[in-house]
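Below, each chain spelled out in residue letters.
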Amino acid sequence: ALTYTIPASVVVGSAAVSYPPTIQGGTPSYYLINRPLPAGLSFNGTTGVISGSPTTAIEATAYVIEAGNASGSVTYTFNFAVTDLAPLGLAYPV
């Protein structure tokens, strides 16, 4: 089994994150992801780790990660969004 502990969303500019995979069974020789991650986040095809700090908001998007070796592969699907910062300090000049 392949799993990740990834929140449903994070905020633009949030502190750097690192989401390593949890794998049961044999050791994967590769990891693949079906689409690019949001700007500021990266995917390591050797370790399967998702890391970085998101810089652009995106709506919830489905991602599929595959881990495999010569004996076969397994996939993990998750939805992930990056939300924009809330407005702060609204004021009008006097």
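Quantities reported herein were computed from a predicted structural model and do not represent experimental measurements.

Trainee: Hey, could you run me through the overall build of the protein in this one?
Mentor: A count of helical and extended segments in the protein gives zero helices and nine strands. Secondary structure elements of the protein occur, N-terminal to C-terminal, as β-β-β-β-β-β-β-β-β. Here the C-alpha atoms of the protein give a radius of gyration of 17 Å, more than 25% beyond the 12 Å that 2.2 N^0.38 yields for 94 residues. In terms of principal-axis extent, the alpha carbons of the protein reach across some 70 × 20 × 20 Å. Out of the 94 residues in the protein, the part that is buried amounts to 29%. Taking contacts inside the protein between residues at least 6 apart in sequence as the whole, the part at least 24 apart equals 58%. Of the roughly 5800 Å² of accessible surface on the protein, 58% is carried by carbon and sulfur atoms.

Trainee: How should I be thinking about the sheet that holds strand β3 (residues 17-19) in this particular structure?
Mentor: What links the strands of a sheet is backbone hydrogen bonding, and the strands pair in either a parallel or an antiparallel sense. Judged by pairing direction, the sheet is antiparallel, and its three strands sit side by side in the order β3-β7-β6 without closing on themselves. The open sheet terminates on both sides in strands that have one partner only, identified here as β3 and β6 (41-43). Across the sheet, the mean angle from the axis of one strand to that of its neighbour is 20 degrees, orientation sign disregarded. Sheet analysis places β6 next to strand β7 (residues 50-52), joined by three bridges and oriented antiparallel.

Trainee: Hey, could you run me through the packing of aromatic side chains in this one?
Mentor: Centre-to-centre distance and the angle between the planes together describe a pair of aromatic rings. Under the definition given, this model contains three aromatic pairs. When the ring of Y63 is compared with that of F78, the centres are 5.4 Å apart and the planes differ by 20 degrees; the resulting orientation is stacked. In this pair, Y63 is assigned in strand β8 (residues 58-69) and F78 in strand β9 (residues 72-83), connecting sequence segments 15 residues apart. Given the relative accessible area of 2%, Y63 is considered buried. Between Y76 and F78, the aromatic rings sit 6.0 Å apart at their centres with planes inclined by 25 degrees, giving stacked as the arrangement. Three or more aromatic residues joined by ring pairs form one cluster here, namely Y4, Y63, Y76 and F78.

Trainee: Can you help me understand the pairing of β8 in this one?
Mentor: Successive side chains on a regular strand alternate, one facing one side of the sheet and the next facing the other. Pairing between strand β5 (residues 30-33) and β8: four bridges, direction antiparallel. Bridge assignment links Y30 to a residue of β8, and that residue is G68. What sits between β8 and β9 in their antiparallel hairpin is a turn of two residues.

Trainee: I would appreciate a short explanation of the sheet that holds β5 in the present structure.
Mentor: Strand order in this open sheet of four strands is β2-β9-β8-β5, and the pairing throughout is mixed. Two strands lie at the open edges of the sheet, namely β2 (9-11) and β5, each paired on one side alone. This sheet shows a mean twist of 30 degrees between the axes of neighbouring strands, independent of strand direction.

Calculation notes
Residues numbered from 1 in each chain as written. Predicted model: local features only at pLDDT ≥ 70, side-chain atom pairs only at ≥ 80, totals over all residues. Heavy atoms only, no water. Helix = DSSP H or I, 4+ residues; strand = E, 2+ residues; numbered from the N terminus. Rg over C-alpha atoms; globule rule 2.2 N^0.38 Å. Buried < 20%, exposed > 50% of the residue type's maximum accessible area, 1.4 Å probe, protein only. Contact = heavy atoms within 4.5 Å. Areas by Shrake-Rupley, 256 points an atom, 1.4 Å probe, with all protein chains shown as cover. Pairing = 2+ DSSP bridges. Axes fitted to C-alpha atoms, helices over the stretch in contact; angles between N-to-C directions. Phe/Tyr/Trp six-rings, centres within 6.5 Å; stacked < 30°, edge-to-face > 60°.

Just distances and angles here, no functional claims.
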